[in-house]
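Results of the structural survey
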Amino acid sequence: MLNIYLLFHKCGNNYVLNVHRIDTETAFIKSVVPNEAANIVEHDKGETIVNVRCRNFGYGDIKESCLLNVESARFIIFTRNPAGFILSAAKYHYRGCEEWAVKKHQKDLGGKTLTQALRDSTSLDEQHIIIMKHFDWLYKKQVSLLKLVNDQRFLRVRCENLFTTTEENYFSNLANFFRLSKEPSFLNALKAASPAFKKKLPNHSTGSFKVENPYDALGDEAKSYFDAHWLEYARTLDYDCGEKETGDRP
């Protein structure tokens, strides 16, 4: 039986890796990308639970995978406040933490790498606008998954809640949804991988998830661009700009 993590860059990506660094007992497929979508069903091992990390999948990628026809499959969709993502991605890639962002030249950035473009910018607003332009495709994909949330096989999880709550039931519900509630190693890993249980944030984290009103942290120019190009993402994902979201399953 397959459990699918539908996650995105800066949105559940490292969390899931950390879960399975801690829990080495649950079968785990570390990475599947959209052009490998048709191969996902090959990982199904019958009654054995297999967790699969699918990076940057949109609705079209899910359809191509044929997983919608697999009744026993379960899916967790990770979402993040778009404004919070912008703050985090700009800070993270300015550091130059990932090889692709440091070395891969981007046409949409005038031939610069992402890290170079951020470091050459003259203001924080410019950095945030660079992130919005460069990762627009990612939020298109994230939003496209919402058409699946009424299917009981799909569960939406907001990173803001996942990274801050310490409620036992929250993580128990996640484990139960994935049919792994009887596996203490998995439940313990779900908690231990969350920043809420860490005394010190991991190196990849920017701490931006702690910003209560990320939209308000944007400058005037960045807000203007956000309102014109990203506000609809926030509305569709049900993030009210400047307000903290609560009350989601689990």
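Summarised in this report is the structure supplied together with it. All figures in this text were calculated on a predicted structure; none of them were measured in a lab.

Re the pairing of strand β4 (residues 74-79)
Counting buried positions over the 6 residues of β4 gives 5, a clear majority of the element. As paired elements, strand β1 (residues 2-7) and β4 share 4 bridges and run parallel to each other. Each residue of the ladder has a partner; that of Y5, found in β4, is I76. Looking at chain direction, β4 and strand β5 (residues 154-158) are connected through 5 bridges and run parallel. Note that in β5 the partner of I77 across the bridge is R156.

Considering the layout of surface pockets
Over the atoms, a rolling probe the size of a water molecule traces out where space has been left empty. By volume, the largest pocket is sized at about 420 Å³. Lining the largest pocket are 16 residues, and of these H9, R55, N56, W100 and W137 lie nearest its centre.

Comments concerning the sheet that holds strand β2 (residues 27-32)
With parallel pairing, the 5 strands of this open sheet are ordered in space as β2-β3-β1-β4-β5. Looking at which strands have only one partner, the edges of the open sheet turn out to be β2 and β5. For this sheet, the mean inter-axis angle between neighbouring strands, taken without regard to orientation, is 20°. The sheet contacts of helix α9 (residues 168-177) involve β4 and β5, and relative to β5 the element is tilted by about 150°.

Side note on the nonpolar core
Among soluble globular proteins, nonpolar side chains are generally buried collectively. Counting residues in each nonpolar core, the largest one holds 78 residues, and the members touching the most others are L6, Y15, F78 and F226. With 6 residues, the top contributor of residues to this core is helix α3 (residues 82-95). Residues in contact with L6, not counting those within four places in the same chain, are C54, F57, I62, F75, I76, I77, F78, L145 and F154.

Examining helix α10 (residues 184-192)
Looking only at α10, the buried set comprises S185, F186, L187, A189, L190 and K191. On the buried face of α10, the contacting elements are β1, α1 (13-22), β3 (50-55) and α9.

Some points on the environment of R55
Examined against the element boundaries, R55 turns out to sit in strand β3. If sequence neighbours within four positions are ignored, R55 has contacts with L7, N13, S31, V32, V33 and P34.

So, empty space enclosed by the protein
Overall, the coordinates contain 1 cavity of 30 Å³ or more when judged by the stated rule. What lines the largest cavity is Y5, Y15, I76, F78, V157, L162, L174 and L190. Here the residues of the lining of the largest cavity sort into 8 nonpolar, no polar and no charged.

Procedures and definitions
Residues numbered from 1 in each chain as written. Predicted model: local features only at pLDDT ≥ 70, side-chain atom pairs only at ≥ 80, totals over all residues. Heavy atoms only, no water. Buried < 20%, exposed > 50% of the residue type's maximum accessible area, 1.4 Å probe, protein only. Helix = DSSP H or I, 4+ residues; strand = E, 2+ residues; numbered from the N terminus. Pairing = 2+ DSSP bridges. 1 Å grid on protein atoms, 1.4 Å probe; cavity = no way out; pocket = protein on both sides within 12 Å on 5 of 7 lines; lining within 4 Å. Points joined across faces, edges and corners; volume = space filled by probe spheres on them. Axes fitted to C-alpha atoms, helices over the stretch in contact; angles between N-to-C directions. Contact = heavy atoms within 4.5 Å. Core = buried A, V, L, I, M, F, W, Y, C linked by side-chain atoms within 4.5 Å. Nonpolar A, V, L, I, M, F, W, Y, C, P; charged D, E, K, R; others polar.

Functional significance is not addressed by these values, which are geometric in nature.
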